[in-house]
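# Chain and residue survey
Take a look at the letters that make up each chain.
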Amino acid sequence: MPKQITQRGWSGAHTAFLLTFLGHAAVHCGRKAFAACQSELEDNWGFSNSFLGLLDTCFMVSYGLGLVLNGFLAERIDTVAHMGMGVTLSALCLILFGMSARLGVAADSYYW
């Protein structure tokens, strides 16, 4: 006869699953944010289509290399610290990118 699960309530495993899911969802949304705003960058900021394509290529290459590097690091350091650092740095980059209009930054050098 299978063993019945008698523990009820919110456990550490539930919290870990929720935080991992939310972190992954936030990183995925961050990956899609640049593609969603390319037309506005072209129309309102005057960036050329070729520059935005090059910027998108550099972003995707660095994203792919980052996946390999982070896989290597995740096997060697504390998983919680690694996930927290990754989500925090990703959020910081998105905040700076989103605030670029408020900061009055319209130069190509800001995005390099």
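Scroll up to find the structure.
All figures in this text were calculated on a predicted structure; none of them were measured in a lab.

The subject of this paragraph is the overall build of the protein. Per the secondary structure count, the protein includes three helices and zero strands. Ordered by position in the sequence, the α and β elements of the protein form the string α-α-α. For the protein, the share of sequence-separated contacts (at least 6 apart) that also reach a separation of at least 24 residues comes to 59%. Approximately 8,800 Å² of the protein is accessible, and the part contributed by carbon and sulfur atoms is 67%.

Time to look at the nonpolar core. In this structure, Phe-34, Leu-41, Phe-47, Phe-51, Leu-52 and Leu-55 together form the largest nonpolar core, which totals six residues. Elements supplying a minimum of two residues to this core: helix 1 (12-45) and helix 2 (49-74). Of the residues forming this core, the biggest block, three residues, is contributed by helix 2. Excluding its chain neighbours within four sequence positions, the residues that come into contact with Leu-52 are Phe-34, Gln-38, Leu-41, Glu-42 and Phe-47.

Tallied over the entire structure, the rule returns three aromatic pairs. With centroids separated by 5.3 Å and ring planes inclined at 40 degrees, the aromatic side chains of Phe-47 and Phe-51 adopt a geometry described as tilted.

To continue, consider a nonpolar patch on the surface. Where nonpolar side chains cluster on the molecular surface, the patch consists of Ile-77, Met-85, Leu-89, Leu-92 and Leu-96 and spans about 450 Å² of accessible area. Taking the relative accessible area as the measure of exposure, Leu-92 reaches 46% and is therefore partly exposed.

Along the chain, His-82 falls in helix 3 (residues 79-98). A relative accessible area of 13% means that His-82 is categorised as buried. Not counting residues within four places of it along the chain, the set of residues in contact with His-82 comprises Asn-70, Leu-73, Ala-74 and Ile-77.

Turning to the pattern of salt bridges, a few remarks are in order. Using the criterion set out here, one finds one salt bridge in the structure. In this structure, the salt-bridge partner of Arg-76 is Glu-75, at a minimum N-O distance of 3.3 Å. Each member of the pair, Arg-76 as well as Glu-75, carries the same accessibility label: exposed.

Rules and cut-offs
- Residues numbered from 1 in each chain as written.
- Predicted model: local features only at pLDDT ≥ 70, side-chain atom pairs only at ≥ 80, totals over all residues.
- Heavy atoms only, no water.
- Helix = DSSP H or I, 4+ residues; strand = E, 2+ residues; numbered from the N terminus.
- Contact = heavy atoms within 4.5 Å.
- Areas by Shrake-Rupley, 256 points an atom, 1.4 Å probe, with all protein chains shown as cover.
- Core = buried A, V, L, I, M, F, W, Y, C linked by side-chain atoms within 4.5 Å.
- Buried < 20%, exposed > 50% of the residue type's maximum accessible area, 1.4 Å probe, protein only.
- Phe/Tyr/Trp six-rings, centres within 6.5 Å; stacked < 30°, edge-to-face > 60°.
- Patch = residues over 30% accessible without salt bridge, like charges linked within 9 Å, V, L, I, M, F, W, Y side chains within 5 Å.
- Salt bridge = Lys/Arg side-chain N within 4 Å of Asp/Glu carboxyl O.

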